[in-house]
Amino acid sequence: GDNAKVYIARAKEGSERLGAILTAMGAATKVEEAIAHSERHRLDLGALVRATADAYGAAFPNRRFACEVPPEPVEMNGAPELIVQMLDKLVDNAVDFSVDGATISIVLRADDTHAELAVANPGPPLPPEAATRLFESLWQSRVESDKRPHFGLGLYIVRLIAEFHGGSAQAANLPDNSGAVFTVRLAR
């Protein structure tokens with residue numbers, strides 16, 4: 001009887017996990033479609049990042065936010081609601097992997113052809129395989145029993161939004177391994 005219980009429990013876990021994966025895949029497809037149908041227009045990325053970063057202080061009172069944006073406008077063609085969603089996902093991620101009182105930095109740099117947005121947080125360094133796999137739709141950097149935060153679809157969405165804007169997303173450890181930095185390049 002006990003074996004049967006174990007087997008049933010395992011089968012149930014398996015089907016729940018499969019259900020979660022299918023739900024995530026459905027969500028991914030919806031996200032992909034929503035992004036593909038977004039409209040672009042001229043926007044000032046600097047103003048958008050500054051306004052969004054200001055809101056994070058209130059949303060996450062136990063984190064500090066340092067925001068660095070060029071003084072001149074950073075004009076580009078883009079979908080502002082997607083860019084805000086992308087920044088939200090990066091900041092959620094930075095909050096999850098940092099401790100109370102930590103300073104999360106949001107830095108925007110731009111040249112003639114691209115804008116580069118970097119979100120950095122102090123915290124554990126990324127596992128070695130993470131930098132290449134983090135932005136895959138269903139890759140998660142933890143074992144099932146581990147209750148720590150994990151990367152679900154969030155970073156996959158970040159990558160899709162970056163690619164929609166003719167860019168790319170990458171993850172790296174900070175030079176002294178004191179945390180992680182997620183950098184998104186967008187074509188202007």
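In the block above lies the structure referred to throughout.
This one's a predicted model, so the numbers in the text were calculated from it and none came from an experiment.

### Overview of the environment of asparagine 77
1) Next: Relative to the elements of secondary structure, asparagine 77 occurs in strand E3 (residues 75-78).
2) Next: When its relative accessible area of 36% is taken as the criterion, asparagine 77 is described as partly exposed.
3) Next: Considering only alpha carbons, one finds asparagine 77 and alanine 187, 110 residues apart in sequence, at a separation of 8.2 Å.
4) Next: When residues no more than four places from it in sequence are discounted, the contact partners of asparagine 77 are Arg40, His41, Arg42, His165 and Arg188.

### Thoughts on helix H1 (residues 2-36)
1) Next: Helix length check: H1, at 35 residues, gives a terminal C-alpha distance of 51 Å against a target of 51 Å (1.5 Å per residue), a fit within 8%.
2) Next: On its buried face, H1 sits against helix H3 (80-96) and helix H5 (154-164).

### What to know about the sheet that holds strand E6 (residues 168-173)
1) Next: Spatially, the five strands line up as an open sheet ordered E2-E4-E5-E7-E6, and their pairing is mixed. This sheet does not close on itself; its edge strands, each paired only once, are strand E2 (64-68) and E6. On average, each strand axis in the sheet is tilted by 15 degrees relative to the strand beside it, whichever way the strands run.
2) Next: As judged from the six bridges shared by E6 and strand E7 (residues 179-187), these two strands associate in the antiparallel manner. Paired with alanine 171 across the strands is phenylalanine 182, a residue of E7.
3) Next: Taken strand by strand, H3 contacts E2, strand E4 (103-110), strand E5 (114-122) and E7, and its axis lies near 20 degrees from that of E5.
4) Next: Lying over the sheet, H5 contacts E6 and E7, oriented at roughly 25 degrees with respect to E7.

Definitions and limits used
Residues numbered from 1 in each chain as written. Predicted model: local features only at pLDDT ≥ 70, side-chain atom pairs only at ≥ 80, totals over all residues. Heavy atoms only, no water. Helix = DSSP H or I, 4+ residues; strand = E, 2+ residues; numbered from the N terminus. Buried < 20%, exposed > 50% of the residue type's maximum accessible area, 1.4 Å probe, protein only. Contact = heavy atoms within 4.5 Å. Expected span 1.5 Å × (residues − 1). Pairing = 2+ DSSP bridges. Axes fitted to C-alpha atoms, helices over the stretch in contact; angles between N-to-C directions.

Shape is all these values report; function is a separate question.
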